[in-house]
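Breakdown of the fold
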Amino acid sequence: MIPRRGHDPHLEKLRSRRAFIKKAAAGTAIVAFGGALYRLAGDDLTRAARAQKLPDGRPRLPPGQRVIERLRPMGGQPGDPNPSAFHLKVHGEVERPLDLSFAELLALPQVVMIADVHCVTGWSVLGAKWKGVRVRELARRAGVKPTARYVIFEAAHGYTSNVPLREAMTPDVLVAHRIGGHPLPRRHGAPVRGLVPDLYFWKSPKWLTGIRFSTHDHPGYWETRGYHNHGDPWREQRYG
């Protein structure tokens, strides 16, 4: 099919997604994803979160966000959820590339932490309990070269997301394999996903397969489709 003159299919998809984001941020609503219904939390939870501050002085809830009680599965083409098939490659600008099985990942120093996450569509989940391995621990073991400037998270079916190295090395950025005391469900990226809580949640890829350290920035799947290259929720960096 040849698009009609003046019609850009990519632009139309972007406009549709923007319209959805505005609707999702408008207040309490019931929305459907993957055949399941999820109710946005009431205004009381959102108001309480807006009254709180992070240790660095930022409001706990970024602008344009509403609190919900649990993660929504936001789609994507699933990878293999079987831990026995899992391998994580740590490569690129490193002295000692790694290829870790799931058992080898679990043998590394583990971190349990509480972290909020914020989706570009306007919902936030606060106080989620995550467990995993810090990305900076993997960087230390792989021997990241001084030439590295970016981290490229690689996931199933070619999905990628890009994060500046200085942000990927903060202590709350994880390769996560548990949430709420349980293994990650498949719909949330089992057996392993990235977790970058200070950026919009698309930067935390599900079904993680690799971490590549790079000298240059390489915009990822959503970044090349009109989303912001950085994705800071407190600056509402939704679109490029």
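For the structure given in this document, a descriptive report is provided here. This is a predicted model, so every value here is computed, not measured.

Strands sit in the order S5-S4-S13-S8-S9 across an open sheet of five strands; the sheet is mixed. The sheet is open, and its two borders are formed by strand S5 (98–101) and strand S9 (160–164), each paired with just one other strand. Taking each pair of neighbouring strands and ignoring which way they run, the sheet shows an average axis angle of 15 degrees. Relative to the sheet, helix H4 (residues 135–142) contacts strand S4 (87–92), S5, strand S8 (150–155) and strand S13 (208–214), its axis offset from that of S5 by approximately 130 degrees.

Below, the discussion takes up the packing of aromatic side chains. As enumerated under the stated definition, the model contains eight aromatic pairs in all. Seen from their ring centres, tryptophan 123 and phenylalanine 201 are 6.2 Å apart, and the 75 degrees between their planes marks the pair as edge-to-face. A residue pair is termed long-range when its members are at least 10 positions apart, and tryptophan 123 in strand S7 (residues 123–134) and phenylalanine 201 in the loop between strand S12 (193–195) and S13 qualify at 78 residues. Each residue in the set Tyr159, Tyr200, Trp202, Tyr221, Trp222, Tyr227 and Tyr239 is aromatic and connected to the rest through ring pairs, giving one cluster. In this structure, arginine 225 packs its charged tip against the face of tyrosine 221, placed 3.7 Å from the ring centre.

Here the largest pocket defines a volume of roughly 560 Å³. What lines the largest pocket is a set of 24 residues, and nearest its centre among them are Met74, Gly75, Gly76, Tyr159 and Trp222. In terms of residue class, the lining of the largest pocket is made up of 13 nonpolar, seven polar and four charged. Taken together, 14 residues line the second largest pocket, and the ones lying closest to its centre are Leu54, Ala115, Asp116, Asp172 and Asp198. A breakdown of the residues in the lining of the second largest pocket according to their chemical character gives seven nonpolar, one polar and six charged.

Our focus in this paragraph is the pattern of salt bridges. This structure, assessed with the given rule, holds nine salt bridges. In this structure, the salt-bridge partner of glutamate 137 is arginine 140, at a minimum N-O distance of 2.9 Å. One end of the pair, glutamate 137, and the other, arginine 140, are both in helix H4, three residues apart, so they sit about a helical turn from each other. Relative accessible area serves as the criterion here: at 15%, glutamate 137 is assigned to the buried category. Measuring nitrogen to oxygen at the nearest pair gives 2.6 Å for the salt bridge that ties glutamate 137 to arginine 141. Here glutamate 137 pairs with arginine 141, and both are found in helix H4, just four residues apart, close to one helical turn. A residue is classified by how much of its surface remains accessible, and arginine 141, at 34% relative accessible area, is partly exposed. Residues joined by salt bridges that share partners form a network here, namely Asp56, Arg58 and Asp198.

Basis of the calculations
Residues numbered from 1 in each chain as written. Predicted model: local features only at pLDDT ≥ 70, side-chain atom pairs only at ≥ 80, totals over all residues. Heavy atoms only, no water. Pairing = 2+ DSSP bridges. Helix = DSSP H or I, 4+ residues; strand = E, 2+ residues; numbered from the N terminus. Axes fitted to C-alpha atoms, helices over the stretch in contact; angles between N-to-C directions. Contact = heavy atoms within 4.5 Å. Phe/Tyr/Trp six-rings, centres within 6.5 Å; stacked < 30°, edge-to-face > 60°. Lys NZ or Arg CZ within 6 Å of the ring centre and 35° of its normal. 1 Å grid on protein atoms, 1.4 Å probe; cavity = no way out; pocket = protein on both sides within 12 Å on 5 of 7 lines; lining within 4 Å. Points joined across faces, edges and corners; volume = space filled by probe spheres on them. Nonpolar A, V, L, I, M, F, W, Y, C, P; charged D, E, K, R; others polar. Salt bridge = Lys/Arg side-chain N within 4 Å of Asp/Glu carboxyl O. Buried < 20%, exposed > 50% of the residue type's maximum accessible area, 1.4 Å probe, protein only.

Distances and angles like these do not, on their own, reveal function.
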